[in-house]
Amino acid sequence: MNLPNKLTVLRLIMVPFFFIGFCLPTWFGEGARLVSVIMMLVCYVVAELSDLLDGKIARKYKLVTDLGKVMDPFADTLSHLTFFACFYGMGIMPAVAFIIIMWREFSILFVRMLMMGRGKAVAANIWGKSKTVLYAIVSILSIAFIVAGHFAPGAWQTTYQTVLTVLFYLAALASLLSFTTYMSAIVKSRALSDMTR
């Protein structure tokens, strides 16, 4: 297994540890909150850095593999949905935004598998890139909200929560538009038109 794929595996490992960190206060009480926020922060940073590095290394050194093509988008979907499920569970993320993003992520994963089966890739678009940036922004701000709320709770949390809600809805909108754009391009290209049914 090459280095980019090892980094992707590291991302997959970080995801359940992030979830464990999220659950610590539920399992052991508020005394575990500090360990929880630190664990969530570390796991998120490691996961995002590995996501940033694996693609760059794979492209730069021509280490793109069939395993990496499948594992990387799966790791992205698993990590994002785990993060967002935790944020939703804490009351930070609106249910509507979570459902839209969850449906989009599972749907695009299915479409990618179909396209890979035909030996074709799903091309990136501006909405997909916007979605990725917004996912990162809302995740970082949500973790910051959790950490700051532990150390310095106050009236600022109401305003911060409103900003987060708007950003989550924008992320959901970008994810929906990116999926619509992907599907429109695929239909126009007739890439799956000869698939047996």
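Residues numbered from 1 in each chain as written. Predicted model: local features only at pLDDT ≥ 70, side-chain atom pairs only at ≥ 80, totals over all residues. Heavy atoms only, no water.

- For the protein, the name recorded in an unreviewed UniProt entry is CDP-diacylglycerol--glycerol-3-phosphate 3-phosphatidyltransferase, with Candidatus Aphodenecus pullistercoris as its organism.
- Here the protein is described in UniProt, under the heading Sequence similarities (unreviewed entry), as follows: "Belongs to the CDP-alcohol phosphatidyltransferase class-I family."
- Taken verbatim from the UniProt record of the protein, the Subcellular location (unreviewed entry) comment is "Membrane". (UniProt positions renumbered as here; feature names shortened; annotations may be inferred.)

**Structural notes on the packing of aromatic side chains**
Each aromatic ring pair is described using two quantities: the centre-to-centre distance and the angle formed by the ring planes.
Reasoning step 1: In this structure the tally under the stated criterion is twelve aromatic pairs.
Reasoning step 2: With centroids separated by 6.1 Å and ring planes inclined at 35°, the aromatic side chains of Phe19 and Phe22 adopt a geometry described as tilted. In this pair, Phe19 and Phe22 both sit in helix H1 (residues 3-28), three residues apart, roughly one turn of the helix.
Reasoning step 3: For Phe22, a relative accessible area of 18% corresponds to the buried category.
Reasoning step 4: A ring pair is formed by Phe145 and Tyr160, whose centres lie 5.1 Å apart and whose planes are at 40°; its orientation type is tilted. Highlighted residues: Phe145 in helix H5 (residues 126-151) and Tyr160 in helix H6 (residues 156-189), separated in sequence by 15 residues.
Reasoning step 5: On the basis of relative accessible area, Phe145 is assigned to the buried category, the value being 11%.
Reasoning step 6: With relative accessibility at 21%, the residue Tyr160 sits in the partly exposed group.
Reasoning step 7: Following the ring pairs from residue to residue traces out a cluster consisting of Phe18, Tyr44, Phe83, Phe84, Phe87, Tyr135 and Phe168. (Phe/Tyr/Trp six-rings, centres within 6.5 Å; stacked < 30°, edge-to-face > 60°. Helix = DSSP H or I, 4+ residues; strand = E, 2+ residues; numbered from the N terminus. Buried < 20%, exposed > 50% of the residue type's maximum accessible area, 1.4 Å probe, protein only.)

**Looking at the layout of surface pockets**
Reasoning step 1: The volume enclosed by the largest pocket comes to roughly 1300 Å³.
Reasoning step 2: If you go around the largest pocket, you meet 41 residues; those closest to its centre are Arg59, Asp72, Pro73, Asp76 and Arg112.
Reasoning step 3: Mapped by element, the contributors of at least two residues to the lining of the largest pocket are H1, helix H2 (33-60), helix H3 (66-89), helix H4 (95-117) and H5.
Reasoning step 4: At nine residues, H2 tops the list of elements feeding residues into the lining of the largest pocket. (1 Å grid on protein atoms, 1.4 Å probe; cavity = no way out; pocket = protein on both sides within 12 Å on 5 of 7 lines; lining within 4 Å. Points joined across faces, edges and corners; volume = space filled by probe spheres on them.)

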